[in-house]
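Residue strings, one per chain:
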Amino acid sequence: MSTNNAPRGGIHRRNFLRTSGIAAAAIFGGAALAACTSAVSEQKAGGDGATPVRGGTLKVGIREDLVPANLLTNTAATPVLVGLVYESLIRYPNDSLEPQPLLAKSWQLADDGRSVSIDLRDDVKFHSGRPFTAKDVEFSLRTYADPKWSAQLRSTAAAITEFDIVSPTRIVLRFAHHLSNIFDLLDTVPILDSETADKLGTGETYIGTGPFTFVQRIPNSQLIFAKNPGYWIPERPYLDRVEVSIVPDPQALLNALKTGQIAAARDLAFRDAETLAGKGGFTVHDLEGAELQTYVGVNVTEPALADVRVRQAIAYALDRERIISEVFRGAGYPLNVPWPKSSPAFDESRNTKYTRDVEKARQLLTQTGKPPKLPLTFGPGYQEVAQIVQANLAEVGIEVELDPIDAAAFVKQLTGQQFRGLWVTDHSWAQFVPSTLTVSAYPFNARRNASRYESPAYTAAADAAWQLPRGTGPEAVNAYKAVTDQLLDGLFLIEVGVRYQQYSTANTVHGFAWTKRREPVFTETFLS
């Protein structure tokens, strides 16, 4: 049972130069928004020595709009909305997989690992004023398991077979089998309001229990939030409002930050961040603990890519160090397998199997024959990575044609198994319990993945890791080794490495924090 408060998360910083720039579009004026987040795993307010100040509007710029139908998929602007408006039952610290209380005060996993009893806070209300109870936990978990939402951890939610509501503040969840990643689910699922759930997919309203309330969405322009006056943490949040502006163009986003039209920006170009580093006035936050991994995906049903030796040649050809240093400017590190360094599945020895070796790649292709020209598909923001991959493959004798598409089309091809050859993008979820990746994430799901890869051995290894009583410990580590071996042998995804999502903030912004899902946490944030 856990009853401790969550540790406060640290921040990795680089200084940025405050300078002038061309004014961005007029969307930065006028409307104000409020940011909403949980109280666990936050940066302590005033941790940089500043004294907390109440009030004010935090203006944030991001490059992607909200897609209401993808509310439970952790894509585009969803992490911002969820981080501001909603809360989950528990919260992982960014540097560990030890769950900490949030809407759940405490919990007890049964000795047989087949159920968990959860005790809830009794002082929490939805933004509508309705009290939060165990019925809302059941509703939210059942909604998350509904195939209509395509939620990444849906298979885990669907493995909950019984909801025993003991009282308004106590619920027991019973499982079809052991779930090593049950706390991943409880950390991830936002507690939803059943009375307004029919409006979630339309973008009309979002009602949660978090520190900020949803005010308005202006498609392709703004998301507007306001302080929740009835928040269960006394005297929080500090901010009155938050304005989140949608700015697709990275140069316009940079200029807006430099000229003070916004005080925080998500996903500036890495080069722009590096150019301004060390000059003062701004801070860049690498979202450590919420890693993204860049990879090259492979449609293994494409005849030219069906032979694993061709995929091995691609793995040996990739210059991972160049991609990390040139594209991400060192904000990450190369990997052969998906697990970040903080993961219980991380194994340094397994990250050297496909070190760049041009000659070995060429030798493999002499055994298989040169494949025909292949498409290399990528979405916005991945052109530089795609160009380096194209050059690397050309060096060993594989020709690829760059195939840029818009973000919506890319997601459709990813989830619909529609890629024609190779593709470049990021995946997430490896920062959680490793079994979550192989039974939940679209690229890795052992039963249905974007690569159309099928392997009884991989499925067996993924299920064995998932159906353990615990997600950490020696038994789990051994299971993850078996999964890693299957990934290295099958090579239906070829890892490049970790890269950190970044938020850049003016030094007038204090107490910025984030969750493992890259949700901004503004409960303790204030402006000076």
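Residues numbered from 1 in each chain as written. Predicted model: local features only at pLDDT ≥ 70, side-chain atom pairs only at ≥ 80, totals over all residues. Heavy atoms only, no water.

Looking at the sheet that holds strand β14 (residues 292-298)
One open sheet accounts for 6 strands, arranged β15-β19-β14-β18-β16-β17; its pairing is mixed. Taken across any chain shown, the strands that pair with only one partner, and hence form the sheet edges, are β15 (332-334) and β17 (400-404). Averaged over all neighbouring strand pairs, the angle between strand axes comes to 25 degrees, with direction disregarded. When strand β16 (residues 374-378) meets strand β18 (residues 422-427), the two strands line up parallel, connected through 3 bridges. (Pairing = 2+ DSSP bridges. Helix = DSSP H or I, 4+ residues; strand = E, 2+ residues; numbered from the N terminus. Axes fitted to C-alpha atoms, helices over the stretch in contact; angles between N-to-C directions.)

Section: helix α13 (residues 456-466)
Those residues of α13 that fall on the buried side of the exposure criterion are Y458, T459, A461, A462, D463, A465 and W466. Where the residues of α13 are buried, they touch α3 (154-158), α12 (434-440) and α14 (474-490). (Buried < 20%, exposed > 50% of the residue type's maximum accessible area, 1.4 Å probe, protein only. Contact = heavy atoms within 4.5 Å.)

Here we look at the environment of A77
Its location among the elements puts A77 in the loop between β2 (57-62) and α1 (78-85). On the basis of relative accessible area, A77 is assigned to the buried category, the value being 0%. Discounting residues that sit within four places of it in the chain, A77 has contacts with I62, E64, D65, L66, L223 and R266.

Digging into the environment of L374
Position of L374 relative to the elements: it lies in strand β16. Given the relative accessible area of 3%, L374 is considered buried. The sequence separation of L374 and D347 amounts to 27 residues, and the corresponding C-alpha distance is 32 Å. Among residues more than four places away in sequence, those in contact with L374 are E302, A304, L305, I398, E399, V400, E401 and L422.

Some points on the packing of aromatic side chains
Within the structure shown, the criterion is met by 19 aromatic pairs. Taking the centre distance of 5.3 Å and the plane angle of 65 degrees together, the rings of F270 and F328 count as edge-to-face. Placement of the pair is F270 in helix α6 (residues 270-276) and F328 in the loop between α8 (320-327) and β15, with a sequence separation of 58 residues. Of the two residues, F270 and F328, both sit in the buried class. An aromatic cluster is present here, built from Y295, F410, F419 and W423 joined pairwise through their rings. Directly above the ring of Y333 sits K341, whose terminal nitrogen or CZ lies 4.4 Å from the centroid. (Phe/Tyr/Trp six-rings, centres within 6.5 Å; stacked < 30°, edge-to-face > 60°. Lys NZ or Arg CZ within 6 Å of the ring centre and 35° of its normal.)

Here's the deal with the sheet that holds strand β6 (residues 115-120)
Within the open sheet, the 4 strands sit side by side as β5-β6-β8-β7. Their pairing is antiparallel. Edge positions in the sheet fall to β5 (104-109) and β7 (160-167), since each has one partner strand and no second. The sheet shows a mean angle of 20 degrees between the axes of neighbouring strands, direction not considered. Pairing of β5 with β6 involves 5 bridges; the strand directions are antiparallel. The residue bridging A104 from the neighbouring strand is L120, located in β6. Sheet contacts for helix α2 (residues 134-145): β6, β7 and β8 (170-175); angle to β7, the most-contacted strand, approximately 165 degrees.

Brief notes about the nonpolar core
If you look at the biggest cluster of nonpolar residues, it comprises 165 residues, and the most contacted ones within it are L89, I118, L173 and L422. Other than its neighbours up to four places away in sequence, L173 contacts R114, S115, V116, I118, L141, I160, E162, F163 and L186. (Core = buried A, V, L, I, M, F, W, Y, C linked by side-chain atoms within 4.5 Å.)

Some thoughts on the pairing of strand β11 (residues 241-246)
When you tally the buried positions in β11, you get 5 out of 6 residues, the bulk of the element. Relative to β11, β2 is paired through 6 bridges, and the arrangement is parallel. Considered in β11, the bridge of V60 is made with V244. Across 5 bridges, strand β10 (residues 222-227) lies against β11 in antiparallel orientation. Residue pairing in the sheet places Q222 in a bridge with S245 of β11.

Considering the pattern of salt bridges
With the rule as written, the count across this model stands at 29 salt bridges. Among the ionic pairs, D489 bridges to K353, the shortest N-O distance being 3.7 Å. Residue D489 is found in helix α14, and its partner K353 is found in the loop between β15 and α9 (358-368); the two are separated by 136 residues along the sequence. Three or more residues are tied together by salt bridges with common partners; here these are R130, D136, D193 and E195. (Salt bridge = Lys/Arg side-chain N within 4 Å of Asp/Glu carboxyl O.)

Limitation: the analysis is restricted to geometry and does not speak to function.
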